[in-house]
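Survey of secondary and tertiary structure
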Amino acid sequence: MDASELLLTRQSTPRLTQPAPSESQLDFILNAGARVPDHGALTPWEFIIATGDGLNKLGDIFVKAATANGAEEAFIAKAKNMPHRAPMVITIATKNQQHPKVPLLEQQLAAGCATMAMQQAAFSLGLGAVWRTGDFAFSAVVNEGLGLAEDEQIVGFLYVGTPAVNAPVKPLKPGRQFARFL
Ligand SMILES: Cc1cc2nc3c(=O)[nH]c(=O)nc-3n(C[C@H](O)[C@H](O)[C@H](O)COP(=O)(O)O)c2cc1C
């Protein structure tokens, strides 16, 4: 896939199945994630990969967080299975750093760019991916379970795998409709 096609046809793939990215595909995806604009070269991100039994571990962390939050039984059962919506889930977290010229927002934006780049990279390989967040991205219990400090921010759970269905290509949104000249 060339760059123009990628940029103008990229879309998310919510319905994913096996196989997960191969080792070389995963390297490509992670390298794309680390290639994004990064003010001050802080690399203010961490990519935490769950696949195989890692998906169970992530599900257990979600269950703990939902339970601590007083969620209903039905939601707790759903939480356990959430990571299994794909054969791989990459959690992207901001590694917050104190810097005189790079506020936290910029570090979170960089981590967001990394998430987007990995989503695009998966798509360019003919794989599929979808960026999700939800309450678990803002949960101290999830942070603890993933070994993140309390002030570190999860910016996304990137679900990655093989498209389960041949989804139609979404129509282009003409960018001009969001633009104006000053
Ligand atoms: C920061 C962020 C968080 C998101 N969280 C969710 C989410 O929790 N659940 C969801 O279904 N989509 C979520 N989305 C949207 C999807 O990733 C996707 O962009 C959307 O479904 C539109 O599909 P498209 O990428 O094919 O245009 C999120 C997107 C962003 C940028």
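As recorded by an unreviewed UniProt entry, the protein carries the name Putative NAD(P)H nitroreductase and is attributed to Shewanella electrodiphila. On record in UniProt, under Sequence similarities (unreviewed entry), the comment for the protein is "Belongs to the nitroreductase family." UniProt, in the comment section headed Cofactor (unreviewed entry), describes the protein in these words: "FMN".

A short note on the packing of aromatic side chains
Counted according to the given criterion, the structure contains four aromatic pairs. Centroid distance phenylalanine 62 to phenylalanine 136: 4.4 Å. Interplanar angle 10 degrees. Geometry classified as stacked. One end of the pair, phenylalanine 62, is in helix H3 (residues 53-68); the other, phenylalanine 136, is in the loop between strand E4 (128-132) and helix H6 (140-145), and 74 residues separate them in sequence. Taken as a pair, phenylalanine 62 and phenylalanine 136 share a single burial class, namely buried. Summarising the aromatic geometry, the rings of phenylalanine 75 and phenylalanine 136 are spaced 6.1 Å apart at their centres and angled 35 degrees between planes, so their arrangement reads as tilted. Residue phenylalanine 75 is found in helix H4 (residues 73-81), and its partner phenylalanine 136 is found in the loop between E4 and H6; the two are separated by 61 residues along the sequence.

Rules used in this analysis
Residues numbered from 1 in each chain as written. Predicted model: local features only at pLDDT ≥ 70, side-chain atom pairs only at ≥ 80, totals over all residues. Heavy atoms only, no water. UniProt positions renumbered as here; feature names shortened; annotations may be inferred. Phe/Tyr/Trp six-rings, centres within 6.5 Å; stacked < 30°, edge-to-face > 60°. Helix = DSSP H or I, 4+ residues; strand = E, 2+ residues; numbered from the N terminus. Buried < 20%, exposed > 50% of the residue type's maximum accessible area, 1.4 Å probe, protein only.

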